[in-house]
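Structure assessment
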Amino acid sequence: MICKEGRILITGASGQIGSELLHALCRKHGPDNVIAADIQPLAANAPACPFESLDVTQAERIEETIKKHRVETVYHLAAILSANGEKNPQLAWSVNMDGTYNVLEAARKLGLSRVFIPSSIAAFGPETPRVFTPQDTILKPKTMYGLTKVAGELLADYYVNRFGVDVRGCRFPGIISHGALPGGGTTDYAVAIYYEAVKYGRYSCFLGPDTRLPMMYMPDCLKSIFDLMSADFKNLRHHCDFNVTAMSFTPAEQAAEIRRHISDFEIVYRPDFRQAIADSWPQSLDDSPARAEWNWKPDYDLAAMTADMIGVLTKRLAEGRLGY
Ligand code: AKB
């Protein structure tokens with residue numbers, strides 16, 4: 001099958017978003033047209049597409065992979081997230097900054113047609129207005145992950161303006177899914193809570209009960225990537241820093257929603273170092289530029305997402321393949 005985007009490379013293809021993007025892109029374009037790359041091996045159920053063991057800090061390996069597979073479009077998902085970034089800031093700087101720079105340079109030198117580089121709500125900081133946070137506002141994050149995201153957005157915009165590279169990206173909120181587990185983020189609790197509710201009927205949360213954060217279910221996350229990537233470039237006033245959101249809730253509100261399905265579900269709160277990170281992030285986002293420039297509109301709210309997550313995980317538990 002000839003793919004409109006040319007051949008596609010996904011970095012971070014074993015991760016939470018990368019692995020689901022891999023499935024979706026293989027369904028859309030055929031596995032021969034999608035190259036999965038990660039430092040970790042792919043999951044056993046990954047599509048039968050070419051795989052490259054790739055460390056994104058190695059510029060020459062990225063270029064070699066792009067040339068070898070005649071790649072036209074890159075989805076650059078490889079990153080160290082907020083909580084792991086605070087445990088190892090040097091690694092977060094190197095993977096997030098060098099990785100982004102190397103992908104952008106490869107795109108410039110090899111004339112790629114399009115690149116997707118996600119940013120995050122971690123780009124905001126404690127001085128940013130926290131409610132209905134605008135897209136264009138104060139960006140003074142206090143985490144290493146956050147500051148690499150701000151620098152990555154600015155760098156990507158530089159490549160758009162200076163070199164004419166077509167780079168696009170969204171600021172993702174916490175992403176909830178039932179595929180690969182998230183690794184090392186502050187919003188990971190919002191995924192773990194469903195697995196533990198289904199498996200044990202209780203959960204110990206590392207954020208306090210009233211910590212409100214913006215969130216999104218994986219089908220909406222994939223939809224936002226596809227919608228932004230297929231938007232007409234000349235209609236975009238922004239490129240690499242679109243706020244996108246679907247819902248905002250606290251752990252206590254999520255627990256109450258879970259109790260509508262598992263009535264005796266119990267939750268306790270033991271906030272740890274991730275509480276300070278969450279407290280520096282927005283509670284809700286204004287994503288009107290994404291809605292205006294490429295018609296962004298999410299499908300899932302907390303009730304619809306919870307019903308789907310509990311349904312899928314309960315079935316998997318009964319079949320002995322919860323994977324948690
Ligand atoms: C994290 O918690 O670090 C990520 C993010 C919001 O970017 N999920």
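Residues numbered from 1 in each chain as written. Predicted model: local features only at pLDDT ≥ 70, side-chain atom pairs only at ≥ 80, totals over all residues. Heavy atoms only, no water.

What follows covers the environment of Arg-108. Relative to the helices and strands, Arg-108 resides in helix α4 (residues 89–110). For the pair Arg-108 and Tyr-159, spaced 51 residues apart in sequence, the C-alpha to C-alpha distance is 7.8 Å. Aside from chain neighbours lying at most four places away, what touches Arg-108 is Tyr-159, Phe-163 and Val-165. Of the polar contacts made by the side chain of Arg-108, one reaches the side chain of Glu-105; its length is 2.7 Å. (Helix = DSSP H or I, 4+ residues; strand = E, 2+ residues; numbered from the N terminus. Contact = heavy atoms within 4.5 Å. Polar contact = N/O pair within 3.5 Å; in protein donor to acceptor, adjacent residues only side chain to side chain.)

Bringing the state of the cysteines into the picture now. Going through the model one piece at a time under the given rule, you end up with 0 disulfides. Cys-170 carries a free sulfur, and the closest cysteine sulfur to it, the one in Cys-221, is 7.8 Å from it. Cys-170 gets classed as buried once you look at its relative accessible area, which sits at 0%. (Disulfide = S-S within 2.5 Å. Buried < 20%, exposed > 50% of the residue type's maximum accessible area, 1.4 Å probe, protein only.)

With 14 residues, helix α1 (residues 16–29) extends 20 Å between its outermost C-alpha atoms, agreeing within 8% with the 20 Å of an ideal straight helix rising 1.5 Å per residue. Among the 14 residues of α1, 11 are classified as buried, and the element is accordingly described as predominantly covered. Within α1, burial applies to Gln-16, Ile-17, Gly-18, Ser-19, Glu-20, Leu-21, Leu-22, Ala-24, Leu-25, Cys-26 and His-29. Looking at the residues trailing α1, positive phi occurs at Gly-30, about 90°. (Expected span 1.5 Å × (residues − 1).)

A positive phi is found at Arg-70, a non-glycine position, where the angle reads about 50°. Here Arg-70 shows up in the loop between α2 (59–68) and β4 (71–76). Looking at Arg-70, the relative accessible area reads 58%, which means it is exposed. Its identity is not glycine, yet Phe-132 carries a phi of approximately 50°, on the positive side. Positionally, Phe-132 belongs in the loop between β6 (119–120) and α5 (144–163).

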